[in-house]
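# Coordinates in review
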Amino acid sequence: MSSSPGELTIRFHGAAGTVTGSCMELALGGRTILVDCGMFQGSRSLETLNHGAFAFDPHRIDAVILTHAHIDHCGLLPKLAAQGYDRAIWCTGGTADLLEYMLADAGRIQEGDAMRRNRRRDRAGEGEFLPLYTEQDGLRAWRLARPVALGEWFEPAPGFRARLWNAGHILGSASVEIEAGGTTLLLSGDLGPDNKAFHPDPHAPKGMDHVICESTYGNRARERQTIDQRRDALEAEVKAALSRGGNLIVPTFALERTQELLLDLARLADANRIPNVPIFVDSPLANRATKVFAAHGDELEDIDGSDLFRHPSIHYVEETASSMRLNTMSGAIILAASGMCEAGRIRHHLKHNLFRRESTILFVGFQARGTLGRVILDGAKRVRISGEDVNVRAQIRRIDSYSAHADRDELHRWIADRRPIGGSLFLSHGEGDAVEGLRALVASDDPGGSIVMPRIGERYALPPGAPARRLETGRVDLADLTGEDWQNDYADFITNLKHNIAKIGNERARRDALAEMRRVLDAYEAARDDRKRRNGADRS
């Protein structure tokens, strides 16, 4: 099936069937723009998609519109710039200010991760692992940012007209309204919950031809909580953790989540509702993002003109040596990135605290399938961190009320407020069960409405006032990458192997068990060699 020359089309390059890698390609009359260009985060297998070739030519992209500065929405912009993209990246002023630090930090992480992998003994003799991009590539992409105010129309490319609306998710976050080829389109970006700290509730126009809505929490309704009730919950967790005598370790996202926690911890400390203990922010990126928040203080709610980010209890850790010294402490609150425990300083804090019964790990954000954070939260007894096995004896706790995403009911209400939708509603940016949960809820309101659950690689025509038409199917090979992968299974297996063998009754039985495992692996290798021989014989 093909589209007419004057018809707007959309292709999903990420965040379809998964919550990361957000990237949508809009094309009309030979012009092409991207909305977001994000990094895949999760299992190692899913992250391999970041290293593959773009499904489009970077030189033929006329513009990028960026919804916000989270890495799963902006993290491949440095790769795009490194491969020749040199045109505007349209975004809000807050997003542009954050990008300077987010993208440079992402480049440093890529360089550092490549260096660590190449040093690992278990990779000896393998080919050199190259970084996805560098710090300089990140800065090159940031310099392309072109700030635009909310509600102000702009022309990202000939034939496209766009404006941004508050999404209430993080500082600078926006939904994107687009007019092109007679079609009106609204892309939600990530939507924040009601009554969120710092930002007003999301707002956007209604009566679009097509709407693309995120579905991160599409099957999950959270208990309604005010900010005061959220602080009550945090107070209880802090007191319980510190009463055990160990540290309270909080894996946190450097952007927004850290600042929300600092807001609440400062308010609780000022009211003498939590013990007077040091609060360490162990993330150079979070420290820089906090400075951007302070600079935008006059735009934010709940600040009240106070410099709460300079509270006497809060200590910002920059140097690696200072970060390592925290491992000798007890009775402290340590906020460290990354929020899903896949990189950054949180990993060495987990290594030094997970095995301690007196320590507490408090999760305050979404943990994607396949991430270390999700494995811990799902109840793993042992985990593998940087090649080392770590027993999980610490208290594992969770607070849902810090989510920067709207829940099922808030998404449902946001969609209802966008009606009438003349064409199709697309549900993206969610894992399969979340998307299906939201689809069923929305379909009950409008049984005859067109609801599309796109897959990565699918392309659709977006006619005015009529349902979308699928023009190309997606990549069927990606279905197994969006959850846990073989490397998650391997880490779990190898971490528990010695423990499980030790439980076998006697020495002979243990050796028999190991011999049986070797036979299974040898059988797979023999079958592979046999297939190679048969294929070679067929070609000859």
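Bear in mind that the values here come from a model prediction, so they are computed numbers and not experimental data.

### A closer look at the overall build of the protein chain
Helices and strands together make up the secondary structure of the protein chain, namely 15 helices and 23 strands. Across its three principal directions, the C-alpha atoms of the protein chain cover 80 × 75 × 50 Å. In the protein chain, buried positions account for 54% of the 540 residues. In the protein chain, the proportion of contacts linking residues at least 24 apart, taken out of those at least 6 apart, comes to 75%.

### Details of the pairing of strand β1 (residues 9-12)
The alternating pattern of β1 places Thr-9 and Arg-11 and Ile-10 and Phe-12 on opposite faces, both of which are buried. Bridge analysis of β1 against strand β2 (residues 24-28) gives four bridges, and the strand direction is antiparallel. Note that in β2 the partner of Phe-12 across the bridge is Met-24.

### Description of helix α4 (residues 93-119)
In a regular helix each residue adds 1.5 Å, so 27 residues correspond to 39 Å; α4 covers 40 Å between its end C-alpha atoms and thus fits that length. Along α4, the sharpest change in direction is near 40 degrees and occurs at Leu-99.

### Section: the sheet that holds strand β11 (residues 210-214)
Taken in spatial order, the seven strands make up an open sheet running β7-β8-β9-β10-β11-β20-β21, and their pairing is mixed. Edge positions in the sheet fall to β7 (154-157) and β21 (450-452), since each has one partner strand and no second. Taking the axes of each pair of neighbouring strands and ignoring which way they run, one obtains an average angle of 25 degrees across the sheet. Where β11 lies against strand β20 (residues 424-428), four bridges are found, and the strand directions are parallel. When the bridges of β20 are listed, Val-211 appears paired with Leu-425. Across the sheet, helix α12 (residues 408-418) is in contact with β9 (174-180), β10 (183-187), β11 and β20; its angle to β11 comes to roughly 170 degrees.

### A short note on the layout of surface pockets
For the second largest pocket, the calculated volume is near 330 Å³. Around the second largest pocket sit 20 residues that line it, and His-13, Phe-40, Ala-53, Ala-55 and Arg-475 are the ones nearest its centre. Within the lining of the second largest pocket, the residues separate by chemical class into 11 nonpolar, six polar and three charged.

### Here we look at the sheet that holds strand β22 (residues 459-461)
Pairing is mixed in the open sheet, where eight strands are placed in the order β6-β5-β4-β3-β2-β1-β22-β23. Two strands bound the open sheet, and with one partner strand each, they are β6 (145-147) and β23 (469-472). Pairwise comparison of adjacent strand axes, ignoring direction, gives a mean angle of 25 degrees for this sheet. Sheet topology places strand β3 (residues 31-35) next to strand β4 (residues 63-65); three bridges connect them, and they run parallel. By the bridge assignment, Leu-34 is partnered in β4 with Val-64. Across the sheet, α4 lies against β5 (89-91) and β6, angled at about 150 degrees from β6, the strand it touches most.

### Here's the deal with the packing of α4 against helix α5 (residues 135-142)
With their axes 7 Å apart at the nearest point, α4 and α5 run at an angle of 160 degrees to one another. As judged from the angle between their axes, α4 and α5 are roughly antiparallel. Here the hand of the crossing between α4 and α5 comes out right-handed. Here Ala-96, Leu-99, Glu-100, Leu-103, Ala-104, Gly-107, Arg-108 and Glu-111 of α4 come into contact with α5, specifically with Glu-135, Gly-138, Leu-139, Ala-141 and Trp-142. When grouped by side-chain class, the residues that make up the contact of α4 with α5 number seven nonpolar, two polar and four charged.

### So, the packing of helix α6 (residues 227-243) against helix α7 (residues 257-270)
The geometry of α6 relative to α7 is characterised by a closest axis approach of 10 Å and an angle of 75 degrees between their N-to-C directions. Classified by the angle between their axes, α6 and α7 sit roughly perpendicular to one another. On α7, the residues touching Ile-227, Arg-230, Arg-231, Leu-234, Glu-235 and Val-238 of α6 are Glu-260, Leu-261, Leu-263, Asp-264, Leu-265, Arg-267 and Leu-268.

### Concerning the pattern of salt bridges
As a working rule, side chains carrying opposite charge can pair if their charged atoms are close by. Counted according to the given criterion, the structure contains 38 salt bridges. A salt bridge links Arg-224 to Glu-410; the nearest nitrogen and oxygen atoms lie 3.3 Å apart. Note that Arg-224 is positioned in the loop between β11 and α6 and Glu-410 in helix α12, a separation of 186 residues in sequence. Glu-410 gets classed as buried once you look at its relative accessible area, which sits at 6%. Asp-378 is the partner of Arg-374 in a salt bridge, and the nearest nitrogen-oxygen pair spans 3.5 Å. In this structure, a network of salt bridges that share partners links the residues Lys-196, Arg-230, Arg-231, Glu-256, Arg-257, Glu-260 and Asp-264.

### Some remarks on unusual backbone geometry
Of the consecutive residues Ala-337 and Ser-338, the connecting peptide bond is found in the cis state with omega at 10 degrees. With an omega of 5 degrees, the peptide bond running from Arg-419 to Pro-420 counts as cis. Its place among the elements puts Pro-420 in the loop between α12 and β20. Despite not being glycine, His-429 has its phi angle at roughly 50 degrees, a positive value. Within the secondary structure, His-429 sits in the loop between β20 and α13 (432-445). Judged by its relative accessible area of 4%, His-429 is buried.

### Some thoughts on the packing of aromatic side chains
Under the criterion given, the structure shown has seven aromatic pairs. Measuring from centroid to centroid gives 5.7 Å for Phe-12 and Phe-426, while their planes differ by 35 degrees, and the two rings are tilted. Of this pair, Phe-12 sits in strand β1 while Phe-426 sits in strand β20; the two residues are 414 residues apart in sequence, bridging distant segments of the chain. Judged by its relative accessible area of 0%, Phe-12 falls in the buried class.

### A short note on the nonpolar core
Ranked by size, the top nonpolar core spans 106 residues in total, and within it Leu-26, Ile-65, Leu-77, Leu-80, Phe-160, Ile-178 and Leu-234 carry the most contacts. With seven residues, the top contributor of residues to this core is α7. Not counting residues up to four positions away in its chain, the partners in contact with Leu-234 are Leu-261, Asp-264, Leu-265, Leu-268, Leu-362, Ile-399 and Tyr-402. Of all hydrophobic cores here, the second largest spans 21 residues; its members include Ile-249, Ile-334, Leu-372 and Ala-380.

### Here we look at the environment of Gly-138
Tracing the backbone shows Gly-138 in helix α5. The buried category is assigned to Gly-138, whose relative accessible area is 0%. Along the sequence, Gly-138 and Leu-335 sit 197 residues apart, while their C-alpha atoms lie 25 Å from each other.

Thresholds, definitions, all that
Residues numbered from 1 in each chain as written. Predicted model: local features only at pLDDT ≥ 70, side-chain atom pairs only at ≥ 80, totals over all residues. Heavy atoms only, no water. Helix = DSSP H or I, 4+ residues; strand = E, 2+ residues; numbered from the N terminus. Buried < 20%, exposed > 50% of the residue type's maximum accessible area, 1.4 Å probe, protein only. Contact = heavy atoms within 4.5 Å. Pairing = 2+ DSSP bridges. Expected span 1.5 Å × (residues − 1). Bend = angle between axes of the 7 residues up to and from the residue. Axes fitted to C-alpha atoms, helices over the stretch in contact; angles between N-to-C directions. 1 Å grid on protein atoms, 1.4 Å probe; cavity = no way out; pocket = protein on both sides within 12 Å on 5 of 7 lines; lining within 4 Å. Points joined across faces, edges and corners; volume = space filled by probe spheres on them. Nonpolar A, V, L, I, M, F, W, Y, C, P; charged D, E, K, R; others polar. Parallel < 35°, antiparallel > 145°, perpendicular 65-115°, else oblique. Left-handed = near helix turned anticlockwise from the far one by under 90°. Salt bridge = Lys/Arg side-chain N within 4 Å of Asp/Glu carboxyl O. Phe/Tyr/Trp six-rings, centres within 6.5 Å; stacked < 30°, edge-to-face > 60°. Core = buried A, V, L, I, M, F, W, Y, C linked by side-chain atoms within 4.5 Å.

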